Amino acid sequence: MSAASLLAAAMLGGLAVYAVTGGADFGGGVWDLLARGPRAAEQRKLVERALAPVWEANHVWLIFVVVVLFSAFPPAFAALGIRFHAPLTAALVGIVLRGSAFVFRSYGGAPAWGRVFAVASAATPFFLGLVLAGVTLPSGDWLGWFPLAVGALAVALGAYLAAVYLTVETGDPVLRVDFRRRAIGSWIAVSALAALALVAAPDGFAGRLDPTVVALTLLLAIGALAALYRGRHRIARALAAGQVVAIVAGWGAIQYPLLIAPDLTIDGAAAPAATLRLLVPALAVGGALVLPSLYWLMRVFKSRPD
Amino acid sequence: MDAASGDVLFARGQMAYSLGFHMVFAAIGIAMPLLMVMAEWRWRRTGRAQYLELARRWSKGTAVFFAIGAVSGTVLSFELGLLFPGFMELAGPFIGMPFSLEGIAFFTEAIFLGLYLYGWDRLRPAVHMACGAVVALSGLLSAVFVTLVNAWMNAPRGFRLDGGRLVDIDPVAALGSPFAVHEIAHGLLAAYMATAMAVAAIHAWALLKVPGAALHRAALHLALALAIPCALAQPLVGHSAGQAVAEHQPLKLAAMEGLERTTAGAPAHLGPVSIPRGLSLMAYSDPDAVVRGLEEFPAADRPHPVVRVGFQVMVLLGTAAAGWAVLTLALWLRRWRRGLPEARSWLWLTVLLGPAGVIAMEAGWIVTEVGRQPWAVYGVLRTADAVTPVRQLWLPFSLFALIYVGLAAAATLVLVRQVRQTTGEAR
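Residues numbered from 1 in each chain as written. Chains lettered and ligands numbered in written order. Predicted model: local features only at pLDDT ≥ 70, side-chain atom pairs only at ≥ 80, totals over all residues. Heavy atoms only, no water.

Trainee: I'd like a rundown of the overall build of chain B, residues and numbers included.
Mentor: In terms of regular secondary structure, chain B is built from 14 helices and eight strands. Relative to a compact globule of 427 residues, whose C-alpha radius of gyration would be 22 Å, chain B shows 23 Å and is just as compact. In terms of principal-axis extent, the alpha carbons of chain B reach across some 65 × 50 × 40 Å. For chain B, the residues scored as buried account for 56% of the 427 residues in total. Summed over all atoms, the accessible surface of chain B reaches about 17400 Å², with 66% contributed by carbon and sulfur. (Helix = DSSP H or I, 4+ residues; strand = E, 2+ residues; numbered from the N terminus. Rg over C-alpha atoms; globule rule 2.2 N^0.38 Å. Buried < 20%, exposed > 50% of the residue type's maximum accessible area, 1.4 Å probe, protein only. Areas by Shrake-Rupley, 256 points an atom, 1.4 Å probe, with all protein chains shown as cover.)

As structure tokens, then:
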């Protein structure tokens, strides 16, 4: 495997981890926005406590992807900034408002910040989804039925993950039932939006899907639903995360060897060899430092319910 | 003004205020973890409850400022591509390495900050404090790496220019910019000094309201222990920075002093005071040295005159801070066994100088960065050639300006409320 392909694979891996961690954090905001009924306040509190210790570390995966992109593939980063200026700007607005509103709300700011946090959380993955759809289209269009469906799918995937995770993270059986129902509901939404995206996709897109990855995704999705139905929440958590990783991997398989359609390939956009040769060991050392720390963080805060 | 050059200004403006906003929060995110670990360490050593209380309160402040620093830093990393894709295409192979290292350090910082902030009841006390120390250390390291990027932009290394193209690219040599050492030292000291002086001011103000409060005396102690050495060292490091500017960016030096004509034995200015031969002496360690004036450089290459204003503000406030540090140290030594000076006049002075470090830091940034213009990469790539072909840049400019004004106001409100609570309780 060439250094450029290795770095592209690292980027895809980073994107997948961002989807299952950061994506779920955005999904937490969706459930804050949709909190209804007599337990709305408890639901919001649970979301807040689940996010607080980890959301900043989860957010760094996005920065990781961006830094590898502009270090290893500078022309692709430049093209991304030019072609997707508007949706990226919108996503950035969402990222800034989500993070700031979250800490303002937690540390004594006005209650309206809770609203800002919820709306910004729901909007950000939508705009990131527009960009992810746009880079696969030879036309580069980020407006149209296909990007819109992918944007909505990104929001739904985050909400789905968040609901599944929260069933494990609460010690309150009533809240657990609340989020199990939300998890099953969003599983249905994810499936519908994925089907819609396939229908809206340009001709030939479905043919580029890797059948193995598609089969794996379907198996994981069905397994997650069954586990939710039977109340095996920890198993559901693992399967749902696996389902999202499989979707990102499927996207990567469609994209290969392109970074940005129609013309920017992994090898074509790669930085000079001197840079790539340095980046690979730097990321390996970084991974050796960061990954065990990250595992410890998750173990401390996510291994047992509050 | 044609549409394109208007857009260059909007892009520059957006980048400038994004960085100006981010750096305040970033500086606090670097220095506050050190203060909070110092407080926790004092608590473990002395067992006095006020230190534990302090560590907890400071960590709350850190949480707010670190989060805003993190998201505004994300905006910056994207803005490089959204506003200056030409810069990223050229600079990516060089600055990718320090940015990647910064990313690793920042990742570590975010992970261990989560453990520190929410791990009070879940980790053993020694482990908890060690997590705080990792946060402080990785904050320092991310500042080191990100400043390397700016050093490269001001004095780029690691390539050969061949007909306008960069060849023989060497990313390791790019880390060895002659600006690296002094920019890192100057920037780090600025971050510690700005934060510690602001913290000292807040607790001095609380002591004016509630004289003798143990919590605030402890806080003032710790803040001074950080602020005083930094404020004393900063002018010396600044001096070496000035000498490097004189050697590598003589035009910036002329702009800093507003020196029109090439002069032997050039004077330096500090507010209304003129120091004969001061500039020659400081820049070249020789009172008779010739300093090149703006007249020697093409008008199109000269940076905006605001560079001179920034330099004056930075030097005046830096001098004031150093003077305050000497005074405080003298007062402290005189009444050694009785602890801190708590004369109301000294407390008022400390309150008054609270914002000085932050303002000096911003002013110094204006000197470095506006002084680098019209270049994005000094002598290699002009800012106007790096800007995006996307038009209507007034739109994102206005959008983020509004957001940042709102966030600055909200962060101030949250801070004021926290401080009010503190002084209210102690009464």
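Resuming the write-up.
Trainee: If you had to explain the overall build of chain A to someone new, which residues and values would you point to?
Mentor: When helices and strands are counted, chain A shows twelve helices and two strands. The linear arrangement of helices and strands in chain A, starting from the amino end, is α-α-α-α-α-α-α-α-α-α-α-β-β-α. Taken over C-alpha atoms, the radius of gyration comes to 19 Å for chain A, in line with the 19 Å a tight globule of 306 residues would show. Across its three principal axes, chain A shows a C-alpha extent of roughly 55 × 40 × 35 Å. Counting across all 306 residues of chain A, residues that qualify as buried make up 57%. Here the analysis covers contacts within chain A between residues at least 6 apart in sequence; of these, 78% occur between residues at least 24 apart. Side-chain charges in chain A split into 22 positive and 14 negative, and the spacing between the mean points of these groups amounts to 9 Å. (Contact = heavy atoms within 4.5 Å. Lys, Arg positive; Asp, Glu negative; His and termini not counted. Charge placed at Lys NZ, Arg CZ, Asp CG, Glu CD.)

Trainee: Account for unusual backbone geometry, naming residues and giving values.
Mentor: The step from tyrosine 256 of chain A to proline 257 of chain A runs through a cis peptide bond, and the omega angle for that step is 0 degrees. As for its placement among the helices and strands, proline 257 of chain A is situated in the loop between α11 (233–255) and β1 (258–260). For the bond running from glutamine 373 of chain B to proline 374 of chain B, omega is 5 degrees, close enough to zero to count as cis. By secondary structure assignment, the location of proline 374 of chain B is in the loop between α12 (356–370) and β7 (375–377). One non-glycine residue, glutamine 392 of chain B, lies in the positive phi region at around 60 degrees. Position of glutamine 392 of chain B among the secondary structure elements: in the loop between α13 (383–386) and α14 (394–426).

Trainee: If you had to explain the domain arrangement of chain B to someone new, which residues and values would you point to?
Mentor: Residues and elements named next belong to chain B. As assigned here, chain B comprises domain 1 (3–258 + 305–423) and domain 2 (259–297). Between the C-alpha centres of domain 1 and domain 2 the distance comes to 29 Å. Each side of the interface is counted separately: domain 1 has 15 residues, and domain 2 has 17 residues. Taken together, the two surfaces of domain 1 and domain 2 that pack against each other cover about 1300 Å², and 63% of this comes from carbon and sulfur. On inspection of domain 1 and its partner domain 2, the count reaches zero salt bridges. If you look at where domain 1 meets domain 2, you find eight residue pairs in polar contact (both at pLDDT 80 or more). Mapped by element, the contributors of at least two residues to the side of domain 1 that touches domain 2 are α7 (214–248), α8 (250–257) and α10 (306–334). (Domains from an automatic or database assignment. Buried area = accessible area lost by both parts, 1.4 Å probe. Salt bridge = Lys/Arg side-chain N within 4 Å of Asp/Glu carboxyl O. Polar contact = N/O pair within 3.5 Å; in protein donor to acceptor, adjacent residues only side chain to side chain.)

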